[in-house]
Amino acid sequence: MWDFPFLPNQASTFAAEVDAFYFALVGVTAFFTIAIYAMIWWFSVRYRRGKKADRSNAPTSNHLLEAVWIIIPLGISLAIFGWSAKIFFEIKTPPQDAMQVHAIGKQWMWKFVNEDGKYEVNELHVPVGRAVEIKMISQDVLHDLYFPAFRTKQDVLPGRYTTLWFEATTPGTYHMFCAEYCGLLHSGMIGKVHVLTQDDYDAWLADAGGSATASSGGGSGNALVDGAKLFEEKVCHTCHKSEATAIAPTLVGVYGTDVQLQDGTTVTVDDAYIRESIKNPGAKIVAGYQPAMPTYEGQITEEQIVQLIAYIKSLK
Ligand code: CUA
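The present account deals with the structure reproduced in this document. (Residues numbered from 1 in each chain as written. Predicted model: local features only at pLDDT ≥ 70, side-chain atom pairs only at ≥ 80, totals over all residues. Heavy atoms only, no water.)

## A closer look at helix H7 (residues 302-314)
Right, so step 1: The end-to-end C-alpha separation of H7 is 18 Å, in line with the 18 Å expected for 13 residues at 1.5 Å each.
Right, so step 2: Taken across its 13 residues, H7 has 10 buried, putting it largely inside the fold.
Right, so step 3: Listing the buried residues of H7 in full gives Glu302, Glu303, Ile305, Val306, Gln307, Leu308, Ile309, Ala310, Tyr311 and Ile312.
Right, so step 4: Looking at the buried positions of H7, the neighbouring elements they touch are strand S1 (99-106), strand S2 (109-113), strand S3 (119-121), strand S5 (131-138), helix H5 (223-233) and helix H6 (271-279). (Helix = DSSP H or I, 4+ residues; strand = E, 2+ residues; numbered from the N terminus. Expected span 1.5 Å × (residues − 1). Buried < 20%, exposed > 50% of the residue type's maximum accessible area, 1.4 Å probe, protein only. Contact = heavy atoms within 4.5 Å.)

Shown next, in the form of structure tokens:
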């Protein structure tokens, strides 16, 4: 059936369930639409003017009927709610051990940075059978990353990270679209996701060259290296040294840990916290420190923040 281009390939762990749910909704809708229209026609004919139907003693109330048309739609609605909520949480909850990929959307291209710092533009290579979590942000306007074959999509916002995940089940090359109208070349903001076997993926990773490097433009071709360079260029290293100083906490080994803040609360050092601390350093000051860091708001691109995050993550 999937040879007919009515639906895209099912290539992720939740594709089949999303499709099953979709067809169930279409089925329920079709059933009631047809039933209601058939009865409208049937009654129009049966009780049309001039027809000698018995119109005496028309019932004015029927408790059984009332109960039936409350209970049946309620049951159907709750079943739809329960089923869709189950799928929703599945799609919105990436597994803990998911491979981490960053995505930056900008007019009009997708840029990806994988765990090893490798860049890709309008292309994404992932291994089959492995959960992949994509942390996304926009450099400009609203975009939306959409993988039809994986049955998942998520808005990409300026100013905030959003997350999308999938586990591809079938090697192959699939479409990637921007699914939010974002300007003149929105329709051209497309790409390909390549699902590779683990061996092919390892081979692809080991190949340091390739088109991604060539198209990354000017940088080293690796986000970790670019992040390390940026860390010096933006003179982060003068305060954030490999051990904590009086002026700033160290960033070594800090990623993923919980740190205590001045106001007694704690925060987990994740991408969103690092990004906030670069753009608005005064927002969440680590306990025991003064707000000494200047803001980098307006002086750093989202891509550079991703490079810095990649670098800070690598500091062990
Ligand atoms: Cu980006 Cu539409």
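Having seen the model, we can carry on.
## Some thoughts on the packing of aromatic side chains
Right, so step 1: Scanning the model with the defined rule gives 13 aromatic pairs in all.
Right, so step 2: Taking the centre distance of 5.1 Å and the plane angle of 80° together, the rings of Phe21 and Trp83 count as edge-to-face. In this pair, Phe21 is assigned in helix H1 (residues 15-46) and Trp83 in helix H2 (residues 63-92), connecting sequence segments 62 residues apart.
Right, so step 3: The exposure class assigned to Phe21 is buried, which follows from its relative accessible area of 14%. (Phe/Tyr/Trp six-rings, centres within 6.5 Å; stacked < 30°, edge-to-face > 60°.)

## Quick look at the sheet that holds S1
Right, so step 1: What the five strands build is an open sheet, ordered S3-S2-S1-S5-S8; its pairing is mixed. Either end of the sheet is taken by a strand with one partner, and the two such strands are S3 and strand S8 (162-167). Along the sheet, successive strands turn relative to each other by an average axial angle of 25°, direction set aside.
Right, so step 2: In this structure, S1 lies alongside S2, joined through five bridges in antiparallel fashion. When the sheet's bridge partners are listed, Ala103 is paired in S2 with Phe112.
Right, so step 3: The strands that H7 touches are S1, S2, S3 and S5; relative to S1, the one it contacts most, it runs at about 165°. (Pairing = 2+ DSSP bridges. Axes fitted to C-alpha atoms, helices over the stretch in contact; angles between N-to-C directions.)

## Overview of the packing of H6 against H7
Right, so step 1: Interhelical geometry of H6 versus H7 gives an angle of 120° and a closest axis separation of 10 Å. Comparing their axes, H7 and H6 come out oblique. Every pair of crossing elements has a handedness; the one defined by H6 and H7 is right-handed. Between H6 and H7, the contacting residues are Asp271, Ile274, Arg275, Ile278 and Lys279 on the first element and Glu302, Ile305, Leu308, Ile309 and Ile312 on the second. (Parallel < 35°, antiparallel > 145°, perpendicular 65-115°, else oblique. Left-handed = near helix turned anticlockwise from the far one by under 90°.)

## Notes on a nonpolar patch on the surface
Right, so step 1: On the surface, a nonpolar cluster with roughly 1000 Å² of combined accessible area is contributed by Val28, Phe31, Phe32, Ile36, Tyr37, Ile40, Trp41, Leu64, Val68 and Ile72.
Right, so step 2: Mapped onto the nonpolar patch, the elements with two or more residues apiece are H1 and H2.
Right, so step 3: The biggest single contributor to the nonpolar patch is H1, with seven residues.
Right, so step 4: Assignment of secondary structure puts Ile36 in helix H1. (Patch = residues over 30% accessible without salt bridge, like charges linked within 9 Å, V, L, I, M, F, W, Y side chains within 5 Å. Areas by Shrake-Rupley, 256 points an atom, 1.4 Å probe, with all protein chains shown as cover. Salt bridge = Lys/Arg side-chain N within 4 Å of Asp/Glu carboxyl O.)

## Considering the packing of H5 against H7
Right, so step 1: One can describe the packing of H5 onto H7 by two numbers: an axis separation of 7 Å at closest approach and a directional angle of 95°. Accordingly, the angle class assigned to the pair H5 and H7 is roughly perpendicular. Between H5, through Ala223, Leu224, Asp226, Gly227, Ala228, Leu230 and Phe231, and H7, the contact on the second element is made entirely by Gln304, Gln307, Leu308, Ala310, Tyr311 and Ser314.
Right, so step 2: Within the contact of H5 with H7, the residues separate by chemical class into eight nonpolar, four polar and one charged. (Nonpolar A, V, L, I, M, F, W, Y, C, P; charged D, E, K, R; others polar.)

## A few points about unusual backbone geometry
Right, so step 1: With omega at 0°, the peptide bond leading from Gln107 into Trp108 counts as cis.
Right, so step 2: One non-glycine residue, Asn122, lies in positive phi territory at about 55°.
Right, so step 3: The residue Asn122 is located in the loop between S3 and strand S4 (123-127) in this model.
Right, so step 4: A positive phi angle, close to 55°, is found at Arg151, a residue other than glycine.
Right, so step 5: As for its placement among the helices and strands, Arg151 is situated in the loop between strand S6 (143-147) and strand S7 (152-156).
Right, so step 6: Exposure remark for Arg151: the relative accessible area of 13% places this residue in the buried category.

Function cannot be inferred from these measures alone, as they are strictly geometric.
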